[in-house]
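The lines below spell out each chain.
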Amino acid sequence: MADENLTESLVDGTGDGTNRQPPQGALFAIFAPLLSVISFILSNSSSDWCDFAYRRVSDETSTTEELEYSTQVGIWGFENPNSNVCYYYPSDFPIDSYLKASRWFSQMALGFGGTAVFLLLMSSCCHHTKSQWKCFGIFLMMACLFQGLEFLILSSNLCTGLTGKGMS
């Protein structure tokens, strides 16, 4: 009797023992966590690597010849143009409000996105109500919003006015 109850939900009620078709939302239950994991990985890599933006730096200290080079910059670090290695910004680096905001938004995007990814991955094990799915959607929308606001780095002095000599 107990064995019949365990398999009852897997067997069609026609009595012939054929398996039921998956519910209409089964594909969404797999697709949403998979897409969220991919977007979380891309979000994390974009904010941690030092290739968020490309900039050209010119050193105006030399009077005979202008030294010019290009480098990749990120929210948390920059690329050394000679060795192509990422370094964190030094402690005396001038950080303006746009860069601070971009750093804060990157952390918020990872927080909301990571929470949503974890909860969506748990959806394969646990049943969620409609209101919980709406909450997951809000978390993902907030992560998307904060991810977009990371582009404030493009308005910072790092991308607009910093030269090899210092602030211009």
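Owing to the predicted nature of the structure, the values given are computational and were not obtained by experimental measurement.

1. Concerning helix H4 (residues 130–149)
Then, number 1: Taking 1.5 Å per residue, 20 residues should reach 28 Å; H4 reaches 29 Å between its end C-alpha atoms and fits that length.
Then, number 2: All of the buried residues in H4 are Phe 136, Ala 143 and Phe 146. Angularly, the buried residues of H4 cover 90° about the axis, an arc narrow enough to put them on a single face. Of the exposed residues in H4, the ones pointing more than 90 degrees away from its buried face are Lys 130, Ser 131, Lys 134, Ile 138, Met 141 and Cys 144.
Then, number 3: Contacts from the buried residues of H4 go to helix H3 (97–121).

2. A few points about the packing of H3 against H4
Then, number 1: Between H3 and H4, whose axes approach to 8 Å, the crossing angle comes to 155°. Compared by their axis directions, H3 and H4 come out roughly antiparallel. Crossing geometry of H3 relative to H4 is assigned as left-handed. Packed against H3, whose contacting residues are Trp 104, Phe 105, Met 108, Ala 109, Phe 112, Gly 113, Thr 115, Ala 116, Leu 119 and Leu 120, the element H4 presents Trp 133, Phe 136, Phe 139, Leu 140, Met 142, Ala 143, Phe 146, Gln 147 and Leu 149 at the interface.
Then, number 2: The class makeup of the residues in the contact of H3 with H4 is 16 nonpolar, three polar and no charged.

Cut-offs applied
- Residues numbered from 1 in each chain as written.
- Predicted model: local features only at pLDDT ≥ 70, side-chain atom pairs only at ≥ 80, totals over all residues.
- Heavy atoms only, no water.
- Helix = DSSP H or I, 4+ residues; strand = E, 2+ residues; numbered from the N terminus.
- Expected span 1.5 Å × (residues − 1).
- Buried < 20%, exposed > 50% of the residue type's maximum accessible area, 1.4 Å probe, protein only.
- Arc of directions from axis to C-beta.
- Contact = heavy atoms within 4.5 Å.
- Axes fitted to C-alpha atoms, helices over the stretch in contact; angles between N-to-C directions.
- Parallel < 35°, antiparallel > 145°, perpendicular 65-115°, else oblique.
- Left-handed = near helix turned anticlockwise from the far one by under 90°.
- Nonpolar A, V, L, I, M, F, W, Y, C, P; charged D, E, K, R; others polar.

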